[in-house]
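In case you want the letters, here they are:
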Amino acid sequence: MSGSLRREFFGQDEAGVLYGVGVGPGAPDLMTLRAARLIEGADVVAYPTLAGAESFARAIAADLIRPDAQEIIMDVPMTVERSPAQAAYDKGAAQIAAALDKGKDVVCLCEGDPFFYGSFMYLFARLAETYRVEVVPGVTSVTACAAQAGMPLAARNERLTVLPGPLPEDELRARIDGAESVAIMKVGRHLPKIRSVIEGLGLTSSAVYVERATLEEEVVLPLAAAPAKAPYFSMILLTKGADPWL
């Protein structure tokens, strides 16, 4: 039920619903039907940007956003210190709350899945106790990269370990060494460190590098052939031993 219909049914004081909508890894046609329907009908659309750059989440959903929709932009600084980002989410949550208090539904866009390394979880933490919140899952970057690389990640009793690239070198080494299948996210400027760890473990031949999965500029290569520099939206997939799905 849209915000306008809800107000008509329940009265003007009924608050709107916040939808955390996963828009997938990049290709617009990988959005779910539910996500597309909610975006197309949204009076208010919210999304984060990084340090003033264009929003990747908005770019994925651009063709679905109504021209008359109100847009709430949360500009999140790219700093090691957490307080500037927290302040940006505080401000965004306040703007979203103001729209919800007027009875408007708000659709918040999140690349990938909202609850898998998703920016939406920071808004969920601020607003879920006060407002009705619904989460619409999206295709994750891990599953998208595995599909594009033709690389099954886990079968039967296999374990999949997901690691963020910024982890310290020693911790990366220990976690990869003790894992069966690994997905390393947020590679970016950490590629040389990650590559060195994998080489040191003798696992380079088992690793695949993927950047910008599902987009036109997608790159899928053996890690040994990966470029010297990687964008933020890149990942390394690694499986050990014989193919477990055979």
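Calculation notes
- Residues numbered from 1 in each chain as written.
- Predicted model: local features only at pLDDT ≥ 70, side-chain atom pairs only at ≥ 80, totals over all residues.
- Heavy atoms only, no water.
- Core = buried A, V, L, I, M, F, W, Y, C linked by side-chain atoms within 4.5 Å.
- Buried < 20%, exposed > 50% of the residue type's maximum accessible area, 1.4 Å probe, protein only.
- Helix = DSSP H or I, 4+ residues; strand = E, 2+ residues; numbered from the N terminus.
- Contact = heavy atoms within 4.5 Å.
- Disulfide = S-S within 2.5 Å.
- Pairing = 2+ DSSP bridges.

### Quick notes on the nonpolar core
Judged by nonpolar contacts, the single largest core of 22 residues is most densely connected at L18, I96, V106 and L123. Counting residues per element, this core draws most heavily on helix α4 (residues 83–101), at eight residues. Once you skip the residues sitting within four places of it in the chain, L18 turns out to touch I96, L100, V106, C108, F120, L127, R132, V133 and E134. Core analysis: the next-biggest nonpolar cluster, separate from the first, contains 21 residues, V17, M31, A36 and Y47 among them.

### Here's the deal with the state of the cysteines
By the definition in use, this model includes zero disulfides. With no disulfide of its own, C110 has C108 as its nearest cysteine by sulfur position, at a separation of 7.0 Å. Free cysteine: C145, not disulfide-bonded; nearest cysteine sulfur from C110 at 16 Å. The class of C145 is buried, set by a relative accessible area of 5%.

### Remarks on the pairing of strand β4 (residues 106–110)
With five of five residues buried, β4 is to be regarded as a mostly interior element. As defined by bridge partners, strand β2 (residues 44–50) adjoins β4 across three bridges and the pair is classed as parallel. Pairing of A46 across the sheet is with C108, part of β4.

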